[in-house]
Amino acid sequence: MTKKSKKEISREVGLEVGSICGKYFLKLDHLHYGYWNGGLDVDITNLHTAQDKYAEFAISHIPDGVKTILDVGCGTGQIAKMLIDAGYKVDCVSPSDYMNRHIRELLGDKSRIFECTYEEIETTNKYDMIWFCESFQYIDPEKALSNTIELLNDGGYLFICDIFRRDTKNKGLMGGGHDINKFHDLVEQTPFKLIENKDITEQTAPNMDLMNDILHNVVRPVVNAGMRLSESRYPMVVKFLKWKYRKKMDKLGNKYFSGGRSGEDFKKFKTYQLLLYQKQAL
Ligand SMILES: C[S@@+](CC[C@H](N)C(=O)[O-])C[C@H]1O[C@@H](n2cnc3c(N)ncnc32)[C@H](O)[C@@H]1O
């Protein structure tokens, strides 16, 4: 594997921390957003149910005839397990050493795991479907499409369920997602034909309200308490560090605690799309 960039490492660590905390505190199995519909109360105790609904919703879009699937960015491996249990032959791509230990335990020898990024995958295998569940946003879109063309059987499917960025003047404070218009332009130049598209922004936006609530009611008070404790023990050191890193701290405070991260903001700046394409013969 090539050396990871700082951005890639911080994303990976973020996902790892999310997975550890989600598993420990909320018994979460998945690493994707929840799908909030059917009057399910937007409450952290329902996130487990909402994530299961998301997985069921995604899986229900697999067309008849698909037998082999490559799950790219398979997270905890939980969706791969659901797919295997449903009778599909599934391989996985996962660049995270931490996740890979868990995926191996979960899937045993039922699945081949490519322990690399999708950009770096090397195989002569071919699949009926390449599956990106909330992982497409992390992958270079041009490379993702060209690798997918290579790895798909003729008539095979590209499945993406993920966040994209709307083309707005103001970009908002939330990161993540490729530009939706640029992505559509890119796909136009490939042999992929869109056969299904569902906009699930409305059903996924509540996840941001939950995250926002945790940031304001858990993270911020815990950080403040830690600061108070450190200031009382090491006043000069904390004064120096606050001065030295004032710009970074202001930037972080502005990004995470100044508002702008609610479900309503998500709907303004992002769009969550299920996209199913079929590869046409060249
Ligand atoms: C938000 S998680 C989604 C996990 C899983 N698909 C799910 O639905 O629960 C994003 C996943 O993408 C993976 N990922 C990040 N960058 C990647 C890359 N360049 N190539 C392949 N996978 C990548 C991460 O390791 C992680 O497993």
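About the cut-offs
Residues numbered from 1 in each chain as written. Predicted model: local features only at pLDDT ≥ 70, side-chain atom pairs only at ≥ 80, totals over all residues. Heavy atoms only, no water. Helix = DSSP H or I, 4+ residues; strand = E, 2+ residues; numbered from the N terminus. Rg over C-alpha atoms; globule rule 2.2 N^0.38 Å. Buried < 20%, exposed > 50% of the residue type's maximum accessible area, 1.4 Å probe, protein only. Contact = heavy atoms within 4.5 Å. Areas by Shrake-Rupley, 256 points an atom, 1.4 Å probe, with all protein chains shown as cover. Lys, Arg positive; Asp, Glu negative; His and termini not counted. Charge placed at Lys NZ, Arg CZ, Asp CG, Glu CD. Near = heavy atom within 4 Å. Polar contact = N/O pair within 3.5 Å; in protein donor to acceptor, adjacent residues only side chain to side chain. Core = buried A, V, L, I, M, F, W, Y, C linked by side-chain atoms within 4.5 Å. 1 Å grid on protein atoms, 1.4 Å probe; cavity = no way out; pocket = protein on both sides within 12 Å on 5 of 7 lines; lining within 4 Å. Points joined across faces, edges and corners; volume = space filled by probe spheres on them. Nonpolar A, V, L, I, M, F, W, Y, C, P; charged D, E, K, R; others polar.

Peer 1: Give me the lowdown on the overall build of the chain, citing residues and values where you can.
Peer 2: For the chain, the helix and strand inventory stands at eleven helices and eight strands. Here the C-alpha radius of gyration of the chain, 20 Å, is about what a compact globule of 282 residues would show, namely 19 Å. Dimensions of the chain, computed from C-alpha atoms along their principal axes, come out at roughly 65 × 40 × 40 Å. Evaluated residue by residue, the chain yields a buried proportion of 43% over its 282 residues. Expressed as a percentage of contacts within the chain between residues at least 6 apart in sequence, the contacts between residues at least 24 apart total 69%. As displayed, the chain offers around 15600 Å² of accessible surface, 54% of which is attributable to carbon and sulfur atoms. In the chain, 40 positive and 39 negative side-chain charges are present, and the distance between their average locations comes to 9 Å.

Peer 1: Can you tell me about the site of the ligand, naming the residues and giving the values?
Peer 2: Neighbouring residues of the ligand: 16 residues in total, closest His-32, Gly-73, Tyr-118, Glu-119 and Cys-133. Between the ligand and His-32, the relevant distance is 2.9 Å, taken from an oxygen atom to a side-chain nitrogen or oxygen of the residue. About the coverage of the ligand: the protein hides 94% of its 590 Å² of free accessible area.

Peer 1: So what's going on with the nonpolar core? Which residues, and what values?
Peer 2: A general tendency of soluble globular proteins is for nonpolar side chains to be buried together. Grouped together as the largest cluster of nonpolar side chains are 38 residues, with contacts concentrated most on Ile-62, Ile-69, Leu-83, Met-129, Trp-131 and Phe-159. Every element with two or more residues in this core is listed here: α2 (47–59), α3 (78–85), β2 (89–93), α4 (97–107), β4 (127–133), β5 (152–165) and β8 (270–279). Examining the composition of this core, we find that five residues originate from one element, α2, more than from any other. By size, the runner-up hydrophobic cluster in this structure holds 27 residues, among which are Leu-70, Cys-116, Leu-145 and Leu-275.

Peer 1: Please set out the layout of surface pockets residue by residue, giving values where relevant.
Peer 2: A water-sized probe, rolled over the atoms, reveals where empty space remains. In this structure, the second largest pocket encloses a volume near 260 Å³. Looking at the lining of the second largest pocket, the elements that each hand over two or more residues are α1 (6–26) and α4. Ranked by residue count, the leading element in the lining of the second largest pocket is α4, at five residues. Looking at the lining of the second largest pocket residue by residue, the classes come out as five nonpolar, four polar and three charged.

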